[in-house]
Amino acid sequence: MVATTNADGTSTCDEPARGCSIIVCTYQRANSLRETLASLKQLRIPPNWAVEVMVVDNNSSDHTRNVVEEQRADWPALRYEFEPAQGLSHARNHGIAAAQGEIILFTDDDVLPETDWLEQTIAGLDRYDSDACGGYIAPIWEAPPPAWLTERFYGFLAVRTDREDDYPIDSPSLAPFGANMAFRKAVFDKVGLFDTERGRKGKVLASGEDGEMFERILAAGMKAVFLGKSRVRHKVEAFRMTKAYIRRWRRQTSRNLALSKGMPGSRRIFNIPLYLFPQFLRAVWRMLSARLAAPADEAFNREIIVFHFIGTFEGLFKARTSPRA
């Protein structure tokens, strides 16, 4: 018999408890992290669950540790871990190894979960007998978004509002964002940890690690689901609502994916398959023509495709001497 531990560390009963771990990986966002922790402290805890909240500091040089230590004074369920290897995947893997819970929930240091987030996530995993899940991510706009920033670009901002129902995640293209996803810890024993060659590293924008993880989960015959009522709110700063930011995100992410996955094709120049060059030229032509007649969001979308090619070329060129090439 163990006591159920609330998110704020208090004990409410002495029933047999299941355990879950909430992991927040953070880098250089101490002030935003303080708001995330305040939100997590207000979570409602399902009966007979023991909950720990773990902050994994990914080599921050600001006052991140102080923020956590201040909270720990009256929050025994809060833990601080330090991961010196730079990269979000390194930090997540550290958290998984240190986690004590049978279910692991991930969110970010700029996210405010709803008070029933934990309840909805745990209940959804059990209801669908699922191994992993993701959920709804609403934006908190720091400033009004520009007219061109339509819902088609929300993925670049880790915002997901396209559906509010529950549905199977049966393709890696439907993989959730790291701001709101959860796994049974046994999943990682079966498919391994996050790929440390993918994902954000410090100020380098990149992604792909979430989709690749769900690709392995589905290939192993495990079950994943999207939970429409598992909800968080994600802060979107003004600097991220710019074309420059999204161009950079697309270019660096595509470069990272090319480095880690490569591209098929035997006929190459500088490790770039020849068939990509005419595709790139067509994309450039479509971008230029869209500037004359297409709506603003469509014109920018075509520009982003060009930046995808540029990043891909950079990654393939660099992969000539990469050990993973």
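Preceding this paragraph is the structure being described.
Before going into details, it helps to say that this report is about the structure given with it. (Residues numbered from 1 in each chain as written. Predicted model: local features only at pLDDT ≥ 70, side-chain atom pairs only at ≥ 80, totals over all residues. Heavy atoms only, no water.)

**Focus: the pairing of strand 1 (residues 18-26)**
Keep this limit in mind: Throughout this description, buried means an accessible area under 20% of the type-specific maximum (1.4 Å probe, protein chains only), exposed means over 50%, and partly exposed covers the range between. The secondary structure listing takes helices from DSSP runs of H or I that are at least 4 residues long and strands from runs of E that are at least 2 residues long, numbered from the N terminus. For two strands to be treated as a pair, DSSP must find no fewer than two bridges joining them.
The buried count for strand 1 comes to eight of nine residues, which makes it a mostly enclosed element. Examined bridge by bridge, strand 1 and strand 2 (residues 49-57) share nine bridges and lie parallel to one another. The partner of Ile22 across the bridge, within strand 2, is Val53. Where strand 1 meets strand 4 (residues 103-108), six bridges bridge the pair, whose relative direction is parallel. Among the inter-strand pairings, Ser21 is bridged to a residue of strand 4, identified as Ile104.

**Overview of a nonpolar patch on the surface**
Defined as follows: Every patch collects residues that have over 30% relative accessible area and no salt bridge, joining them within 9 Å if they carry like charges and within 5 Å if they are nonpolar side chains (Val, Leu, Ile, Met, Phe, Trp, Tyr). Per-residue accessibility takes into account occlusion by the displayed protein chains alone, with areas from the Shrake-Rupley method and a 1.4 Å probe. Note on definitions: salt bridges are taken to be side-chain nitrogens of Lys or Arg within 4 Å of carboxyl oxygens of Asp or Glu.
There is a patch of nonpolar side chains on the surface, built from Ile269, Phe270 and Phe317 and spanning about 300 Å² of accessible area. Overall, Ile269 belongs to the partly exposed group, its relative accessible area being 41%.

**So, the pattern of salt bridges**
Under the criterion given, the structure shown has 28 salt bridges. Glu81 is the partner of Arg79 in a salt bridge, and the nearest nitrogen-oxygen pair spans 3.0 Å. Measuring nitrogen to oxygen at the nearest pair gives 2.4 Å for the salt bridge that ties Glu303 to Arg247. Placement of Glu303 in helix 9 (residues 296-318) and of Arg247 in helix 7 (residues 243-261) is noted, with a sequence separation of 56 residues between them. One network of salt bridges, in which partners are shared, links Arg29, Asp109, Asp110, Glu237 and Arg240.

**Some details on the environment of Leu281**
By the element assignment, Leu281 lies in helix 8 (residues 276-293). A residue is classified by how much of its surface remains accessible, and Leu281, at 57% relative accessible area, is exposed.

**Focus on the environment of His90**
Definition in use: Here, residues are in contact when the closest pair of their heavy atoms is within 4.5 Å.
Examined against the element boundaries, His90 turns out to sit in helix 3 (residues 88-98). With relative accessibility at 25%, the residue His90 sits in the partly exposed group. For the pair His90 and Phe188, spaced 98 residues apart in the sequence, the C-alpha separation amounts to 14 Å. Residues in contact with His90, not counting those within four places in the same chain, are Glu83, Ala85 and Thr196.

**Some details on the nonpolar core**
So the rule is basically this: Grouping buried Ala, Val, Leu, Ile, Met, Phe, Trp, Tyr and Cys residues that are joined through side-chain atoms within 4.5 Å yields what is termed a nonpolar core.
Counting 35 residues, the largest nonpolar core has Cys20, Ile22, Leu37, Leu40, Leu105 and Leu118 as the members making the most contacts within it. In this structure, Leu37 is in contact with Val53, Val55, Val67, Val68, Gln71, Trp75 and Leu78, ignoring residues within four places of it in sequence. Listed in part, the 28 residues of the second largest apolar core include Ile23, Val56, Phe106 and Met222.

**Focus on the side chain of Asp110**
Under the convention used in this document: In the analysis that follows, any N or O atom pair within 3.5 Å is treated as a polar contact, provided that within protein one partner can donate a hydrogen and the other can accept it, and provided that, for residues neighboring in sequence, both atoms belong to side chains.
Examined against the element boundaries, Asp110 turns out to sit in the loop between strand 4 and strand 5 (111-113). A relative accessible area of 4% means that Asp110 is categorised as buried. A polar contact of 2.9 Å, which involves the side chain of Asp110, links it to the side chain of Arg29. Side-chain polar atoms of Asp110 contact the side chain of His234, separated by 2.9 Å.

**Some words on helix 8**
Short version of the rule: Multiplying 1.5 Å by the helix residue count minus one yields the expected span of that helix. An arc is given here, and it is the one of the directions from the helix axis to the C-beta atoms.
The first and last C-alpha atoms of helix 8 sit 26 Å apart over 18 residues, in line with the 26 Å expected at 1.5 Å per residue. Of all the positions in helix 8, only Leu276, Phe280, Ala283, Met287 and Ala290 are classed as buried. For helix 8, the angular spread of buried residues about the axis comes to 85 degrees, placing them on one side. Exposed and oriented more than 90 degrees from the buried face of helix 8 are Leu281, Arg282, Trp285, Leu292 and Ala293. Contacts made by the buried residues of helix 8 are with strand 11 (272-273) and helix 9.

**Digging into the state of the cysteines**
Spelled out, the test is: By definition, disulfides here are pairs of cysteine sulfur atoms that lie within 2.5 Å.
Taken as a whole and assessed by the stated rule, the structure comprises zero disulfides. Left unpaired, Cys25 is separated from the closest cysteine sulfur, that of Cys20, by 16 Å. Its relative accessible area of 7% is what places Cys25 among the buried residues. Here Cys133 stays free of any disulfide, with the sulfur of Cys20 as its closest cysteine sulfur at 12 Å. Given a relative accessible area of 1%, Cys133 falls into the buried group.

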